[in-house]
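Fold and geometry: a report
Next come the chains, spelled out residue by residue.
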Amino acid sequence: MRNEAVERREVVHGQRDPRVMELRRAVTRLQRELAGYRAHLADRGIAEGELAAVEAMVRAGEPDIPRLRHSLLLIASAIGSVSALAEALGEVRNAVELFGRPARRPSGEGVRPPAPRPSAH
């Protein structure tokens, strides 16, 4: 009988992980819809590059969650508010969220104090 922890690790990190499968499906759909969207997008290359990066992580079977979130932010920024791509982008966002929400920072951690204002003399 296999050790349950080993089996769980194989499912989580392997191709059978439903989160990985859902992310793959969502990324493929957004890639397809972005390719079919012929209107000019100034940052199309950024979106395509980040989708390719996410696709590579998915193929490896072990997505780096902070990197996934960063890619999602760049993709969303590059696509902007293009309504024709909104549903597919939402599916990618939902698939990324299947990997868990980002950890909350304790109050004040990672927050820079405001820069001093120059004196108005």
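Look above for the structure.
Residues numbered from 1 in each chain as written. Predicted model: local features only at pLDDT ≥ 70, side-chain atom pairs only at ≥ 80, totals over all residues. Heavy atoms only, no water.

1. Looking at the packing of helix α2 (residues 18–36) against helix α5 (residues 83–97)
The angle between the axes and the distance between the axes are what describe a pair of packed helices. In the contact formed by α2 and α5, the axes pass within 8 Å of each other and the chain directions differ by 160°. Judged by the angle between their axes, α2 and α5 are roughly antiparallel. Note that α2 runs across α5; the crossing there is left-handed. When α2 is examined against α5, the residues E22, L23, R25, A26, V27, R29, L30, E33 and L34 are found in contact with a partner set consisting of A84, L85, E87, A88, L89, E91, V92, A95 and V96. In terms of residue class, the contact of α2 with α5 is made up of twelve nonpolar, no polar and six charged. (Axes fitted to C-alpha atoms, helices over the stretch in contact; angles between N-to-C directions. Helix = DSSP H or I, 4+ residues; strand = E, 2+ residues; numbered from the N terminus. Parallel < 35°, antiparallel > 145°, perpendicular 65-115°, else oblique. Left-handed = near helix turned anticlockwise from the far one by under 90°. Contact = heavy atoms within 4.5 Å. Nonpolar A, V, L, I, M, F, W, Y, C, P; charged D, E, K, R; others polar.)

2. Comments concerning the packing of helix α3 (residues 44–60) against helix α4 (residues 65–79)
Interhelical geometry of α3 versus α4 gives an angle of 155° and a closest axis separation of 8 Å. Considering their axes alone, α3 and α4 lie roughly antiparallel with respect to each other. As α3 packs across α4, the resulting crossing turns out to be left-handed. Across the interface between the two elements, I46, A47, E50, L51, A53, V54 and M57 from α3 touch R67, L68, S71, L74, I75, A78 and I79 from α4. Looking at side-chain class alone, the contact of α3 with α4 contains eleven nonpolar, one polar and two charged residues.

3. Looking at the environment of F99
Locating F99 in the fold gives a position in the segment after α5. Sequence separation between F99 and I65 is 34 residues, and the spatial gap between their C-alpha atoms is 7.0 Å. Once residues lying within four places of it in the same chain are set aside, the contact partners of F99 are R19, V20, L23, P63, I65 and L68.

4. Details of the environment of G49
Among the secondary structure elements, G49 is positioned in helix α3. Between the alpha carbons of G49 and I75 there is a distance of 8.8 Å; along the sequence they are 26 residues apart.

5. Section: the side chain of R29
On the secondary structure map, R29 appears in helix α2. Given a relative accessible area of 16%, R29 falls into the buried group. Apart from residues lying up to four places away in sequence, R29 is in contact with E87, A88 and E91. (Buried < 20%, exposed > 50% of the residue type's maximum accessible area, 1.4 Å probe, protein only.)

6. Describing α4
Across its 15 residues, α4 extends 21 Å between first and last C-alpha, which sits within 8% of the 21 Å expected from 1.5 Å per residue. All of the buried residues in α4 are L68, S71, L72, I75, A78 and I79. An end-on view of α4 places all buried positions within 135° of arc, on one side of the element. Relative to its buried face, α4 has exposed residues pointing more than 90 degrees away, namely P66, L73 and S77. Looking at the packing, one finds that the buried side of α4 touches α2, α3 and α5. Positive phi shows up at G80, right after α4, with a value of about 70°. (Expected span 1.5 Å × (residues − 1). Arc of directions from axis to C-beta.)

7. Topic: the pattern of salt bridges
Applying the stated criterion across every chain yields a total of nine salt bridges. Note that R29 is salt-bridged to E91, the shortest N-O span being 2.4 Å. Taken together, the residues R29 in helix α2 and E91 in helix α5 connect sequence positions 62 residues apart. By the burial criterion, R29 is buried, and E91 matches it. The network of salt bridges with shared partners includes E22, R25, R29, E33, E87 and E91. (Salt bridge = Lys/Arg side-chain N within 4 Å of Asp/Glu carboxyl O.)

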